[in-house]
Amino acid sequence: MALDTQAIIDQLKDASILELNDLVKAIEEEFDVTAAAPVAAAGAAGADAGAEKDSFDVELTESGQEKVKVIKEVRGITGLGLKDSKDLVDGAPKVIKEGVAKADADEMKEKLEAVGATVTLK
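Here the residue numbers are simple positions, counted from 1 along each chain's written sequence. Only residues with pLDDT of 70 or above have their local features reported here, since the model is predicted, and side-chain atom pairs are shown and tallied only from 80 upward, although totals for entire chains, interfaces and linings are computed over all residues. With hydrogens and water set aside, each side-chain value is computed from the structure's full complement of heavy atoms.

Please explain the side chain of Glu59 as it appears in this structure.
Of note, Glu59 is situated in strand 1 (residues 55-62). Here a polar contact means two N or O atoms within 3.5 Å. Within protein one must be a hydrogen donor candidate and the other an acceptor candidate, and residues neighboring in sequence count only if both atoms are side-chain atoms. A distance of 3.3 Å separates the side chain of Glu59 from the side chain of Lys122, its partner in a polar contact. We call two residues contacting when some pair of their heavy atoms lies within 4.5 Å. Residue contacts for Glu59: discarding those within four places in its chain leaves Pro93, Lys94, Val95, Ile96, Thr118, Val119, Thr120 and Lys122. Secondary structure is summarised from DSSP: a helix means a run of H or I of at least four residues, a strand means a run of E of at least two, and numbering begins at the N terminus for each.

Now the structure itself:
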């Protein structure tokens with residue numbers, strides 16, 4: 001007995017929500033299964049979150065007192081122009097770089113904190 005897959009798909013497209021709900025319930029009862037999302041997948045995702053991160057987002061939290069020096073450092077780190085760098089610093093908290101390796105993120109953080117900025121690695 002071969003299934004006519006396209007015919008089944010066409011029937012499902014034409015079915016109402018109530019008919020599809022009844023179909024799901026009937027399948028669950030007949031085959032003793034559930035249509036609920038597996039809980040194990042959510043648990044595995046939580047376990048991965050505990051693993052050490054290998055990329056970070058460098059966020060400028062506050063520009064501090066020496067805004068001009070912070071703007072110069074942001075220009076050096078991002079390669080943006082003066083106006084864009086100033087807008088970024090004025091709009092703090094803002095992410096300066098995304099997906100940066102830990103060593104590079106730490107280096108950027110040190111440079112910015114050396115000129116009085118507050119930086120967060122996320």
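Help me understand the nonpolar core in this model?
Nonpolar side chains in soluble globular proteins tend to be buried together. If you look at the biggest cluster of nonpolar residues, it comprises 17 residues, and the most contacted ones within it are Val58, Leu60, Val70, Val74, Val89, Ile96 and Leu112. Those elements giving two or more residues to this core turn out to be strand 1, helix 4 (67-78), helix 5 (82-90), strand 2 (94-101) and helix 6 (102-114). At four residues, helix 4 tops the list of elements feeding residues into this core. The definition of a nonpolar core used throughout is a set of buried Ala, Val, Leu, Ile, Met, Phe, Trp, Tyr and Cys residues joined through side-chain atoms within 4.5 Å. Relative accessibility thresholds used throughout: buried, under 20% of the residue-type maximum; exposed, over 50%; partly exposed, between the two (1.4 Å probe, protein chains only).

How should the pattern of salt bridges be read in this particular structure?
A side chain with one charge can pair with a side chain of the opposite charge if their charged atoms come near. Think of a salt bridge as a Lys or Arg side-chain nitrogen and an Asp or Glu carboxyl oxygen that are within 4 Å of each other. Per the counting criterion, the structure on display carries six salt bridges. Linking Asp90 and Lys67 is a salt bridge whose minimum nitrogen-to-oxygen distance equals 3.1 Å. With a gap of 23 residues between them, Asp90 in helix 5 and Lys67 in helix 4 connect regions that are remote in the sequence. Residue Lys67 is classed as partly exposed on the basis of its relative accessible area, which comes to 35%.

Would you explain the pairing of strand 1 in this entry?
Put simply, side chains in a regular strand alternate between the two faces of the sheet. Pairing between two strands is assigned when DSSP locates at least 2 bridges connecting them. Two elements, strand 1 and strand 2, share five bridges in a ladder whose sense is antiparallel. Bridging from a neighbouring strand, Leu60 pairs with Lys94 of strand 2. Taken together, the four bridges between strand 1 and strand 3 (residues 118-121) define a ladder with antiparallel strand orientation. Across the sheet, Glu62 pairs through a bridge with Thr118, a residue of strand 3.

Is there a simple way to explain the packing of helix 4 against helix 5 in this structure?
Each pair of packed helices can be described by the angle between their axes along with the distance between the axes. Note on method: axes are straight lines fitted to C-alpha atoms, helices fitted across the in-contact stretch only, with angles between N-to-C directions ranging 0 to 180 degrees. Interaxial distance between helix 4 and helix 5 falls to 9 Å at its minimum, and their mutual angle equals 115°. Handedness of the crossing formed by helix 4 with helix 5: right-handed. For the pair helix 4 and helix 5, the contacting residues are Lys67, Val70, Ile71, Val74, Arg75 and Thr78 in the first and Leu82, Ser85, Lys86, Leu88, Val89 and Asp90 in the second. For the contact of helix 4 with helix 5, the class distribution of residues is six nonpolar, two polar and four charged. A clockwise turn of the near helix away from the far one marks a right-handed crossing, whereas an anticlockwise turn of less than a right angle marks a left-handed crossing. Note that Gly is not counted as nonpolar here; it falls among the polar residues with everything else outside the nonpolar set of Ala, Val, Leu, Ile, Met, Phe, Trp, Tyr, Cys and Pro and the charged set of Asp, Glu, Lys and Arg.

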